[in-house]
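# Observations on the model geometry
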There are 2 protein chains.
Amino acid sequence: MATIKDVAALAGVSLGTASRVLSGSSQTSPDSRARVTAAAKELNYIANGPARSLRRSRTDVLGLLVSDIRNPFFSELAHAAEREAQRRGYTVLLANADEDADQEAAYLRTFASQRIDGLLIAPQGSDVTPLHALRDGGLPLVFVDRSVEGLDVPTIGTDNEDGVRRALTWLHGRGHREVAFVGGPPEVSTGRERRAAFLRFRDELGLSADPRLVAHGDFRAESGVEAMHAVLASGARPTAVLSADGLMTLGVARALREAGPVGADAAEPLDAVEIVSFDDLDWFSLVSPPISAVRNDATAIGRLGVTALVDVIEGRPGASHRVATSFVDRSGEPGGSAGSAEAGA
Amino acid sequence: MATIKDVAALAGVSLGTASRVLSGSSQTSPDSRARVTAAAKELNYIANGPARSLRRSRTDVLGLLVSDIRNPFFSELAHAAEREAQRRGYTVLLANADEDADQEAAYLRTFASQRIDGLLIAPQGSDVTPLHALRDGGLPLVFVDRSVEGLDVPTIGTDNEDGVRRALTWLHGRGHREVAFVGGPPEVSTGRERRAAFLRFRDELGLSADPRLVAHGDFRAESGVEAMHAVLASGARPTAVLSADGLMTLGVARALREAGPVGADAAEPLDAVEIVSFDDLDWFSLVSPPISAVRNDATAIGRLGVTALVDVIEGRPGASHRVATSFVDRSGEPGGSAGSAEAGA
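Now for a look at the structure at hand.

Conventions adopted
- Residues numbered from 1 in each chain as written.
- Chains lettered and ligands numbered in written order.
- Predicted model: local features only at pLDDT ≥ 70, side-chain atom pairs only at ≥ 80, totals over all residues.
- Heavy atoms only, no water.
- Helix = DSSP H or I, 4+ residues; strand = E, 2+ residues; numbered from the N terminus.
- Buried < 20%, exposed > 50% of the residue type's maximum accessible area, 1.4 Å probe, protein only.
- Areas by Shrake-Rupley, 256 points an atom, 1.4 Å probe, with all protein chains shown as cover.
- Pairing = 2+ DSSP bridges.
- Axes fitted to C-alpha atoms, helices over the stretch in contact; angles between N-to-C directions.
- Polar contact = N/O pair within 3.5 Å; in protein donor to acceptor, adjacent residues only side chain to side chain.
- Contact = heavy atoms within 4.5 Å.
- Core = buried A, V, L, I, M, F, W, Y, C linked by side-chain atoms within 4.5 Å.
- Parallel < 35°, antiparallel > 145°, perpendicular 65-115°, else oblique.
- Left-handed = near helix turned anticlockwise from the far one by under 90°.
- Nonpolar A, V, L, I, M, F, W, Y, C, P; charged D, E, K, R; others polar.

## A few points about the overall build of chain A
A tally of helices and strands in chain A yields 11 helices and 12 strands. In chain A, which comprises 345 residues, the proportion classed as buried is 57%. As displayed, chain A has an accessible area near 13300 Å², and 49% of this comes from carbon and sulfur atoms.

Written as structure tokens, this is what we have:
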């Protein structure tokens, strides 16, 4: 790999001049800037860290690559990140991987070509190669919500295990033993962690270990419909279902609606299937019965993500966090009737 | 304003050299690139159009400045824009004005500093100065959803008048005469257009002209809660309400819930207030009773917006469109019960 000495030699300037140009100093002549920049480009020179990087000339712009901009969890996270960034004098450019590893890779190339000071990313899968390239190129990185093995960067995630424990303990306390699980994709860290926690606490609490109760989707609504239909088609008769994110919960609710009177001539009608969601959405209190949920704190994750990223950009160590969840029990709330005042009775 | 001749003179190069540098040609020496770039900067030189612009070196990146990334209408629009952009070989960087004109101005500055080929924007208000500056700087612009007076750029909007007509005609057909309206902000074109259409068709259909039935918010949920509470506190007793966007509909539904048994000792209890929404959200079919809606086609707007922007970038005229709405009548659907199969009965 080319060093700054190689760049200075090829450009025919002193090491000090090359360093000043590459750190974005204005104390350089147009001629030396042109020579050093051309030499750095020719040698494919990339500085080792932000302090000595080509990116030293700060833009006060952060990148944020989310998994799915249509997922309310991520739009809330993006909004919180932007508020925190603004408070610290930065703006945020967003990109949407759309739950697709190829699209993620395309946006990593886009961000590499733009003038940003650092990148927050909720990674899609397990291929860390493009992330390594960015980090080695001196771009500060922070993981939000999700992480990948093999790259040591600050990570702001959710306490997935404890969130699933809260949900299953609550369902167990309400008498449920046949609890279905609609999990996320196993390629994604949050998908893996929530599934492992489901299996662990299912067994610890003595819930049914019927494998037909476990399905998974891709964290989007349509996959929740399909997963719930698959569970029902298997012949399993859950009395409750835990869905691993808010959009799949929408799908699960639709599937139970569509399934209609499946239970009418069956021993156990489905009209008592209780839904619990990992992620609390703003309309859960308006349906009948209201949907109880693990509150996955997108606002805190967005805020702490920006804090860690700005720390790294400014040369301080960035702190990792596991953000605590809480449980929103809506079992005591009156049901549905969006356009009705009877609910207040 | 400086011309390319001024730049060539100050840089001490020929007009042809200045032109090649400014159009991003690689057939130039580092020295002349440095001189011309410095001279252009000193003179604040901005090319007249994309064809002869500093931006000539294409990045295949589009910017999209939305009003509120937490509004499902805009996250859907962004998703559709991104799909269309991808199909045409572009990626999209998003920014969120958060329904705030100052934040919009900050992001316009951010985009001006980034390497994008064009910008889609849903403008916040009436100050077109920063937009003029961008356009005069040669950046292709297209308006999506909203527009501002005084800037002649392709505009992809919704047929707001016809959408409101559909909603009010439907409510009138169901016997409603006391119809409340929770409108958007008057600074925004969609807020103004939907309000004007409400007033027009209210009068044409002979609905109540009680001014206490008309309120407005800022297109976000909390403002819908406040506007609905204000209507109820005025003493007006609507039998239906039209909300001017999906997030305010969420707020209206909450407010009617919170209002509780306001009507218990009143002549007209509120338990029959029917909600209609301008914007159809994915959970409207899950509440009880289901919420009927004007379908505001964010997908078509995002797609046509990218089409027009790419046309302008590539030197073709960009076409404006008013996208048609449709009406989703859910009055015949079974009510609520998200976690229940009884709905299929």
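## Remarks on the sheet that holds strand E7 (residues 214-216) of chain B
All names here are of chain B. Strand order across the open sheet formed by six strands is E7-E6-E8-E9-E10-E12, with mixed pairing between neighbours. Edge strands, defined here as strands with exactly one partner in the open sheet, are E7 and strand E12 (326-328). Adjacent strand axes in the sheet meet at a mean angle of 20 degrees when their direction is disregarded. Across four bridges, strand E6 (residues 179-183) lies against strand E8 (residues 240-243) in parallel orientation.

## Regarding the side chain of serine 277 of chain B
Residue and element names in this part refer to chain B. As for its position among the elements, serine 277 is in strand E9 (residues 274-278). At a separation of 2.7 Å, a polar atom in the side chain of serine 277 contacts the main-chain carbonyl oxygen of aspartate 279. Ignoring any residue separated from it by four or fewer positions in sequence, one finds serine 277 in contact with Leu242, Ser243, Asp245, Gly246, Thr249, Phe284, Ile291, Ser292, Ala293 and Val294.

## Quick word on the pairing of strand E3 (residues 118-121) of chain A
Residue and element names in this part refer to chain A. Neither face of E3 is exposed, since Gly118 and Leu120 on one face and Leu119 and Ile121 on the opposite face are all buried. Across four bridges, strand E1 (residues 61-66) lies against E3 in parallel orientation. Bridge pairing in E3 links glycine 63 to leucine 119. Summarising the sheet, E3 and strand E4 (residues 141-145) pair through three bridges and their orientation is parallel.

## Considerations on the nonpolar core
Formed by 96 residues in total, the largest nonpolar core has its most connected members in Leu64 and Leu119 of chain A together with Leu64 and Leu119 of chain B. Discounting residues that sit within four places of it in the chain, leucine 64 of chain B has contacts with Leu77, Ala78, Ala81, Val92, Leu93, Leu94, Ala95, Phe111, Leu119, Leu120 and Val144 of chain B. Listed in part, the 94 residues of the second largest apolar core include Ala215, Phe219, Ala227 and Val294 of chain A.

## Focus: unusual backbone geometry
Residues and elements named next belong to chain A. Residue proline 289 follows serine 288 across a cis peptide bond; omega there is -5 degrees. Mapped onto the elements, proline 289 comes out in the loop between strand E9 (274-278) and strand E10 (292-295). Even without being glycine, aspartate 98 reaches a positive phi, approximately 55 degrees. You can see aspartate 98 is positioned in the loop between strand E2 (91-96) and helix H5 (101-113).

## Section: the sheet that holds strand E8 (residues 240-243) of chain A
Residue and element names in this part refer to chain A. Strands sit in the order E7-E6-E8-E9-E10-E12 across an open sheet of six strands; the sheet is mixed. In this open sheet, the two strands that pair with only one neighbour each are strand E7 (214-216) and strand E12 (326-328). Here the average twist between neighbouring strands, direction ignored, is 20 degrees. Relative to E9, E8 runs parallel, the two sharing four bridges.

## Focus on the packing of helix H1 (residues 4-11) of chain B against helix H3 (residues 30-42) of chain B
Residue and element names in this part refer to chain B. Where H1 contacts H3, the two axes come as close as 8 Å, and the packing angle between them is 125 degrees. Taken together, the axis directions place H1 and H3 in an arrangement best described as oblique. The two elements H1 and H3 meet at a crossing, and its hand is right-handed. Contact residues: H1 offers Val7, Leu10 and Ala11, while H3 offers Arg35, Val36, Ala39, Ala40 and Glu42.

## Some details on the packing of helix H7 (residues 160-173) of chain B against helix H8 (residues 189-205) of chain B
Residue and element names in this part refer to chain B. Taken N-terminus to C-terminus, the directions of H7 and H8 make an angle of 40 degrees; their axes are 8 Å apart at the nearest point. Between H7 and H8, the interaxial angle falls into the category oblique. Crossing of H7 against H8: the hand is right-handed. The residues of H8 that touch H7, namely those facing Asn160, Glu161, Val164, Arg165, Leu168, Thr169 and His172, are Thr190, Glu193, Arg194, Ala197, Phe198, Arg200, Phe201, Arg202 and Leu205. Partitioning the contact of H7 with H8 into residue classes produces six nonpolar, four polar and six charged.

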